[in-house]
Protein chains: 2
Amino acid sequence: MKKLLKIGELAKQAHVTVATIRYYESLHLLEPVSKAENGYRYYDDEAVTRLLFIKQAQTLQFSLAEIQQVFDVRKQGEPVCTLVKTLIDCKIATLEQEIQQATARKTMLETYRTSWAARPLDNPSDVKVCSLIEEVSLTLNRLEAI
Amino acid sequence: MKKLLKIGELAKQAHVTVATIRYYESLHLLEPVSKAENGYRYYDDEAVTRLLFIKQAQTLQFSLAEIQQVFDVRKQGEPVCTLVKTLIDCKIATLEQEIQQATARKTMLETYRTSWAARPLDNPSDVKVCSLIEEVSLTLNRLEAI
DNA sequence: GTAAACCCTGAGGTTGGCTTGAGAGTCAAC
DNA sequence: GTTGACTCTCAAGCCAACCTCAGGGTTTAC
C-alpha cells in the first residue's frame with residue numbers, strides 16, 4: 001500500500017492547483033479515495049494519472065464534459081473505446097474545419113495587408129476613416145448588394 | 001437627407017439583434033445619430049456600414065476591444081492605418097500559431113486513432129480503463145519521468 | 001508552544017459577447 | 001379604441017474553466 005497524497009501533494013505532482021482539483025471534484029471528474037474526519041482529502045497515485053490524462057485531453061481540445069463522458073462510460077463497466085474513437089474522429093473533423101477557416105482568415109488578412117501597403121498613408125488632416133476600413137466596408141456592401 | 005432608421009430596421013439591415021446594437025452602444029462602439037423625446041434611437045446609413053464592419057472584423061478574429069481601438073483613434077482625427085497594420089500583422093502571426101498548434105493536435109489525434117485501430121477492443125468484462133487511455137497516460141508518465 | 005504552512009467550505013468573481021426577462025411606455029393599423 | 005408590434009431601461013443570466021476571498025480549523029517544524 002503506497003502512501004496517500006494530500007491535495008497539495010497531488011496538485012504538485014500533477015501540475016495543477018488545489019482549487020482545480022476541488023473544482024474537478026465538484027464536476028465528479030475526480031474523487032479522493034478517502035476523506036478524513038477533519039475533512040482532508042486523500043488521493044492515490046491513480047489520481048495523478050487521471051489528472052495528467054485530463055490535462056492531455058484538454059490540450060487536444062476535449063472539454064471537461066467530454067472527458068467526463070469517457071469516465072462515466074468507464075464507470076459503468078463498458079469499454080470506452082467506441083466512444084473515444086467517436087470523440088477522436090469528431091475532434092479531428094472539427095480541427096480540420098478550424099484549420100481551413102483559420103487559413104482562409106489568414107489569406108484574407110494578407111490580402112488586406114497587401115492592398116494597404118499599396119496605398120499611401122491617409123492624410124491626417126482629412127481622415128474620416130482609414131481607407132482600408134472604407135475598402136472593407138465597400139467590399140461588404142457590394143457583397144450585401146448581390 | 002435620407003430617412004433615419006429605428007433600431008429594429010437597423011438590426012434587420014445589419015443582420016444583428018436589437019439587443020446587440022444596444023450592447024454595442026453600451027461599449028461606445030455605435031451611437032445613434034439622434035434620440036427622440038420618447039427615448040427611441042435613430043440611425044443613419046453609416047450605422048449599417050459600421051455594423052457590417054464590426055461583423056467582418058469579428059470574423060477575422062478581432063475582438064470588440066480591438067475594433068473599439070480603431071474607432072477611438074479614428075475619432076481623434078488620426079489616421080488609423082498604422083494601428084490597423086499592427087493589428088493585422090499581430091493577428092496573422094496569431095493565426096499562424098493557431099494553425100500550427102491545430103495541425104499538431106490533429107497529428108497527435110491521428111496517431112492515437114491509428115494505434116487504437118491496431119489493437120482489439122477492450123474486453124468488456126475486464127475493463128478498468130480504455131487501453132487507449134492507458135497508453136496516453138503511460139506516454140505522459142514517461143514524459144514526466146524525463 | 002507557536003508560527004508557518006497546510007486544509008476546509010461556500011460564495012462570489014473573471015472573461016467576452018452577447019441573450020433574456022421584467023415591467024412599462026409608444027406607435028401604427030384597422 | 002384597441003390590439004399587436006415596436007421601443008425603452010435596468011438587471012440578471014449564460015458559457016467554460018477556473019480563481020479568489022473570507023473565515024475558519026489542522027498539522028508540522030523548530
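A quick note: this is a predicted structure, and the numbers were derived from the prediction, not measured. (Residues numbered from 1 in each chain as written. Chains lettered and ligands numbered in written order. Predicted model: local features only at pLDDT ≥ 70, side-chain atom pairs only at ≥ 80, totals over all residues. Heavy atoms only, no water.)

S.K.: Would you explain the pattern of salt bridges in this entry?
M.R.: Should the charged atoms of two oppositely charged side chains come close, the side chains can pair. Counted according to the given criterion, the structure contains 12 salt bridges over all chains. A salt bridge links Asp 89 of chain A to Lys 85 of chain A; its shortest N-O distance comes to 2.6 Å. Residue Asp 89 of chain A and its partner Lys 85 of chain A are located together in helix H5 (residues 81-117), separated by 4 residues, close to a single helical turn. Through salt bridges with shared partners, a single ionic network connects Lys 85 and Asp 89 of chain A together with Arg 113 of chain B. (Salt bridge = Lys/Arg side-chain N within 4 Å of Asp/Glu carboxyl O. Helix = DSSP H or I, 4+ residues; strand = E, 2+ residues; numbered from the N terminus.)

S.K.: Looking at this structure, how should I read the sheet that holds strand S3 (residues 41-43) of chain B?
M.R.: Two orientations exist for strands paired in a sheet by backbone hydrogen bonds: parallel and antiparallel. Residues and elements named next belong to chain B. Reading across from one edge, S1-S3-S2 is the order of the 3 strands in this open sheet, with antiparallel pairing throughout. Edge strands, defined here as strands with exactly one partner in the open sheet, are strand S1 (5-6) and strand S2 (34-35). Here S1 runs beside S3; their pairing, made up of 2 bridges, is antiparallel. Counted as the bridge partner of Leu 5 is Tyr 43 from S3. (Pairing = 2+ DSSP bridges.)

S.K.: How do you make sense of the protein's contact with DNA strand C when you look at a structure like this?
M.R.: The full set close to DNA strand C counts 19 residues, and Gly 8, Arg 22 and Arg 41 of chain A together with Asn 38 and Gln 58 of chain B are the nearest of them. Counting only the atoms of DNA strand C within 4 Å of the protein, the fraction contributed by sugar and phosphate is 77%. Separating a base nitrogen of DNA strand C from a side-chain N or O atom of Tyr 23 of chain B is a distance of 3.4 Å. Contact distances for DNA strand C include 2.9 Å between a phosphate oxygen and a side-chain N or O atom of Tyr 24 of chain B. Secondary-structure elements contributing two or more residues to the surface near DNA strand C are helix H1 (7-14) of chain A together with helix H2 (18-26) and helix H3 (45-59) of chain B. Among the residues forming the surface near DNA strand C, the class breakdown is 7 nonpolar, 7 polar and 5 charged. (Near = heavy atom within 4 Å. Polar contact = N/O pair within 3.5 Å; in protein donor to acceptor, adjacent residues only side chain to side chain. Nonpolar A, V, L, I, M, F, W, Y, C, P; charged D, E, K, R; others polar.)

S.K.: What am I meant to see in the sheet that holds strand S2 (residues 34-35) of chain A here?
M.R.: With antiparallel pairing, 3 strands are arranged side by side in an open sheet as S1-S3-S2 (chain A). What marks the edges here is a single partner per strand, and that holds for strand S1 (5-6) and S2 of chain A.

S.K.: I keep staring at H1 of chain A and nothing clicks. Help me out?
M.R.: Spacing of three or four residues puts side chains on the same side of an α-helix, whose turn is 3.6 residues. Residues and elements named next belong to chain A. Turning to H1, its buried residues number three or more, namely Ile 7, Leu 10, Ala 11 and Ala 14. Here the buried residues of H1 occupy an arc of 100° about the axis, which is enough to place them on one side. Of the surrounding elements, those touching the buried residues of H1 are S1, helix H2 (18-26), strand S3 (41-43) and helix H3 (45-59). With its phi angle positive at about 60°, His 15 sits one or two positions after the end of H1. (Buried < 20%, exposed > 50% of the residue type's maximum accessible area, 1.4 Å probe, protein only. Arc of directions from axis to C-beta. Contact = heavy atoms within 4.5 Å.)

S.K.: Help me understand the side chain of Lys 91 of chain A, please; the structure alone is not making it clear to me.
M.R.: Among the secondary structure elements, Lys 91 of chain A is positioned in helix H5. Residue classification places Lys 91 of chain A among the buried residues on the basis of a relative accessible area of 12%. Here Glu 66 of chain A takes part through its side chain, which lies 3.1 Å from a polar atom of the side chain of Lys 91 of chain A. Residues within four places of Lys 91 of chain A in sequence aside, it is in contact with Leu 60, Gln 61, Phe 62 and Glu 66 of chain A together with Leu 109 of chain B.

S.K.: For this particular structure, what's the right way to read the packing of H3 of chain A against helix H4 (residues 64-75) of chain A?
M.R.: Relative orientation and spacing of two packed helices are given, respectively, by the angle between their axes and the distance between those axes. Residue and element names in this part refer to chain A. Running from N to C, H3 and H4 cross one another at 135°; their axes reach a closest spacing of 9 Å. Between H3 and H4, the interaxial angle falls into the category oblique. As for the relative orientation of H3 and H4, their crossing is right-handed in sense. Listed contacts from H4 to Glu 46, Arg 50, Phe 53, Ile 54, Ala 57 and Gln 58 of H3 are Leu 64, Ile 67, Phe 71 and Arg 74. A per-class count over the contact of H3 with H4 returns 6 nonpolar, 1 polar and 3 charged. (Axes fitted to C-alpha atoms, helices over the stretch in contact; angles between N-to-C directions. Parallel < 35°, antiparallel > 145°, perpendicular 65-115°, else oblique. Left-handed = near helix turned anticlockwise from the far one by under 90°.)

S.K.: Would you explain the protein's contact with DNA strand D in this entry?
M.R.: Taken together, the neighbourhood of DNA strand D is formed by 19 residues, with Thr 20 and Gln 58 of chain A together with Gly 8, Arg 22 and Arg 41 of chain B sitting nearest. A share of 80% of the atoms of DNA strand D within 4 Å of the protein falls on sugar and phosphate groups. In this structure, a phosphate oxygen belonging to DNA strand D sits 2.6 Å away from a side-chain N or O atom of Gln 58 of chain A. One nitrogen or oxygen atom from the main chain of Gly 8 of chain B is found 2.7 Å from a phosphate oxygen belonging to DNA strand D. Going through the elements one at a time, H2 and H3 of chain A together with helix H1 (7-14) of chain B are the ones with two or more residues in the surface near DNA strand D. Top contributing element to the surface near DNA strand D by residue count: H2 of chain A, with 4 residues.

S.K.: Teacher, can you tell me more about the side chain of Lys 106 of chain A here?
M.R.: Considering the arrangement of structural elements, one finds Lys 106 of chain A in helix H5. Beyond its immediate chain neighbours, meaning those up to four positions away, Lys 106 of chain A contacts Ile 92, Leu 95, Glu 96 and Ile 99 of chain B.

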